[in-house]
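Results of the structural survey
Letter by letter, the chains look like this.
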Amino acid sequence: MKVAICPGSFDPMTLGHLNIVRRTAAIFDSVVVLVMVNANKSSPMFTIDERVDMIKRVTARFDNVRVETYDGLLAEYAKRFEHAVIVKGLRAGTDFENEFQMAQINKTITPQLETMFLTSSEKYTFLSSSVVRELAGYGADLTEFVPREIIDEVLAKAQGGAVNG
Ligand code: PNS
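The rules behind the values
Residues numbered from 1 in each chain as written. Predicted model: local features only at pLDDT ≥ 70, side-chain atom pairs only at ≥ 80, totals over all residues. Heavy atoms only, no water. Phe/Tyr/Trp six-rings, centres within 6.5 Å; stacked < 30°, edge-to-face > 60°. Buried < 20%, exposed > 50% of the residue type's maximum accessible area, 1.4 Å probe, protein only. Pairing = 2+ DSSP bridges. Helix = DSSP H or I, 4+ residues; strand = E, 2+ residues; numbered from the N terminus. Axes fitted to C-alpha atoms, helices over the stretch in contact; angles between N-to-C directions. Contact = heavy atoms within 4.5 Å. Near = heavy atom within 4 Å. Polar contact = N/O pair within 3.5 Å; in protein donor to acceptor, adjacent residues only side chain to side chain. Areas by Shrake-Rupley, 256 points an atom, 1.4 Å probe, with all protein chains shown as cover. Right-handed = clockwise from strand over helix to strand, strands pointing away.

**Some points on the packing of aromatic side chains**
Taken as a whole and judged by the stated rule, the model has three aromatic pairs. With 5.3 Å between their ring centres and 55° between their planes, Y70 and Y77 make a pair best called tilted. Relative accessible area serves as the criterion here: at 0%, Y77 is assigned to the buried category. An aromatic cluster is built from Y70, Y77 and F81, whose rings are joined through pairwise contacts.

Right, dumping it as structure tokens:
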């Protein structure tokens, strides 16, 4: 059974993330969307539990996708599977260097662990969770950026509290 792990901080999940999960689910037998902590990003908008709950609702339509969370190293989490591959989306510009570094470090820790990249769809090349958080802070229409199931929640959270960069 070929398992793909789609890791990320998903704060919140965007249509770009969902596009990668959908395409990964069409290739692999099983997909784990893994909500993790990014040590470089402080003051998240949503708690981990809120993010897991939102992604579960958004991905409920995919039979072979499940949502989990793990607060350790990704390379350690992946050891529980005999054959697992990390799948991430690659956007234009700055993603490459960061992603290349993480893939190398993960492979050093768990040598059998491969990382594969799906190029982001053109439409989502410049979309990020931080852009969504900023737009939500202004009460903007998020239809083109965020899965419809969570739009109201993202707007409500942004209006109710501080928006992080
Ligand atoms: O969506 P993001 O914030 O770009 O995802 C980055 C994430 C969460 C996948 C990365 O920070 C991560 O793997 N965190 C878990 C801890 C870990 O394994 N760190 C080592 C990275 S080399």
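Continuing now.
**Focus on the sheet that holds strand β5 (residues 114–119)**
Within the open sheet, the five strands sit side by side as β3-β2-β1-β4-β5. Their pairing is parallel. Every other strand in the sheet has two partners, leaving β3 (65–69) and β5 as the edge strands with one partner each. With strand direction ignored, the average angle separating the axes of adjacent strands in the sheet is 30°. Of the strand pairs in this sheet, strand β2 (residues 30–35) and β3 are connected by five bridges, and their pairing is parallel. Residue pairing across strands places V33 opposite V67, the latter belonging to β3. Most of the contacts of helix α1 (residues 15–27) go to β5, to which it runs at about 120°, and overall it touches β1 (3–8), β2, β3, β4 (84–90) and β5. Across the sheet, helix α2 (residues 48–59) touches β2 and β3, and the angle it forms with β3 is around 180°.

**With respect to the site of the ligand**
The ligand sits among 13 residues. The nearest are S9, V37, N38, K41 and L74. A distance of 3.1 Å separates a nitrogen atom of the ligand from a polar backbone atom of V37. The contact in question runs from an oxygen atom of the ligand to an N or O atom on the backbone of L74, over 2.9 Å. Taking 540 Å² as the accessible area of the ligand by itself, protein coverage stands at 80%.

**Details of the pairing of β4**
Taken across its seven residues, β4 has six buried, putting it largely inside the fold. As paired strands, β1 and β4 are joined by three bridges and run parallel to one another. Residue pairing for β4: A4 is matched across the bridge by V85. Note that β4 and β5 share six bridges and pair parallel. Within β5, the position partnered with V85 by the bridge is E114. You can see the chain leave β4, run along helix α4 (residues 95–109) and come back into β5, and the turn it takes is right-handed.

Function cannot be read off these values alone, since they describe shape.
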